[in-house]
Amino acid sequence: MHLTTNMIGRKIIMSITGLVMVAFVLLHLLGNYSLFKGPDSINAYADILQGLGPLLWLIRLIMFAVFVLHVFFGITLTLENRAAKPLKYAVGRKNLSTTSAGRSMIWTGLLIASYLAYHLLHFTLQVINPETSASLNPEAMGQPDVFSMVVLSFRETIISGIYILSMAAL
């Protein structure tokens, strides 16, 4: 069975890519949990990540490919489902087996994709709110101060709001 040529195969790809993204989010959460242990812990975690060098970029490329596959097949499956029943039902839709999460998935997916771009620009590339950038504000040993970047960023209501809304969608 060629996974990309039939609907079941595409759904399998969607589920696998979804699980990979959930696993990544959980690992990312565990790493970011070190923020609660203090500046040394989160800064050491960030230093370990940066120490991965090319491997870190390989992981980022793989995650980008997983994301693109998930989005592509999600859109493809949605369009196929709509094409299968081009006319509306005579009786109103009752959504007997669809949850509100399932019905709003396109919107939460767009919100999460927008958040992902924002998050990468904010903490990875450090172009959003550059005055708090870890690389521009080193700690005492001259290393980038990720702890201060996070704390200073979340003091701004709009940035905290973006992250809270995005975590609710996630």
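Every residue gets a number counted from 1 within its own chain, in the order that chain's sequence is written. Local features in a predicted model are, by the rule used here, given only for residues with pLDDT of at least 70; side-chain atom pairs are given and counted only at 80 or more, and totals for whole chains, interfaces and linings are based on all residues. Heavy atoms from the whole structure form the basis of all side-chain values; hydrogens and water molecules are not counted.

Caption draft 1: Structural context of the nonpolar core. Each nonpolar core is a collection of buried residues, namely Ala, Val, Leu, Ile, Met, Phe, Trp, Tyr and Cys, held together in the definition by side-chain atoms within 4.5 Å. Accessible area is worked out with a 1.4 Å probe on protein chains only. A residue is then buried under 20% of its type maximum, exposed over 50%, and partly exposed in between. Core analysis: the largest hydrophobic core is formed by 11 residues, namely Ile42, Ala46, Tyr115, Tyr118, Phe123, Ala134, Val146, Met149, Val150, Ile159 and Tyr163. Contact between two residues is taken to exist if any of their heavy atoms lie within 4.5 Å; hydrogens are not considered. Sequence-distant contacts of tyrosine 163, that is, excluding residues within four places in its chain, are made with Tyr115, Tyr118, His119, His122, Phe123 and Phe154.

Caption draft 2: Spotlight on a nonpolar patch on the surface. To count toward a patch, a residue needs a relative accessible area over 30% and no salt bridge; like charges are then connected within 9 Å, while nonpolar side chains (Val, Leu, Ile, Met, Phe, Trp, Tyr) are connected within 5 Å. Only the protein chains shown count as cover for residues, and all accessible areas are computed by the Shrake-Rupley method using a 1.4 Å probe. For salt bridges, the criterion is a side-chain nitrogen of Lys or Arg within 4 Å of an Asp or Glu carboxyl oxygen. A grouping of Phe24, Val25, Leu52, Leu55, Leu58, Ile59, Ile62, Met167 and Leu170 is seen on the molecular surface, where their side chains present a nonpolar patch of about 740 Å² in accessible area. Secondary structure elements follow DSSP: runs of H or I of four or more residues count as helices, runs of E of two or more count as strands, with numbering from the N terminus. Among the elements of the structure, helix H1 (7–32) and helix H3 (54–84) are those that each provide at least two residues to the nonpolar patch. Top element by residues in the nonpolar patch is H3. It accounts for 4 residues. Mapped onto the secondary structure, methionine 167 falls in helix H7 (residues 157–169).

Caption draft 3: View of the side chain of aspartate 145. One can find aspartate 145 in the loop between helix H5 (105–124) and helix H6 (146–154). Salt bridges are absent for the buried aspartate 145, whose nearest opposite-charge side chain, arginine 155, sits at 11 Å. Beyond its immediate stretch of four places on either side in the chain, aspartate 145 contacts Asn43, Ala134, Asn137, Pro138 and Glu139. Charge assignment: positive for Lys and Arg, negative for Asp and Glu; neither His nor the chain ends contribute.

Caption draft 4: Just unusual backbone geometry, in detail. The phi torsion at glutamine 126 lies on the positive side, around 55 degrees, for a residue other than glycine. Residue placement: glutamine 126 occurs in the loop between H5 and H6. The buried category is assigned to glutamine 126, whose relative accessible area is 18%. Phi is positive for asparagine 129, which is not a glycine, with a value near 60 degrees. Position of asparagine 129 relative to the elements: it lies in the loop between H5 and H6.

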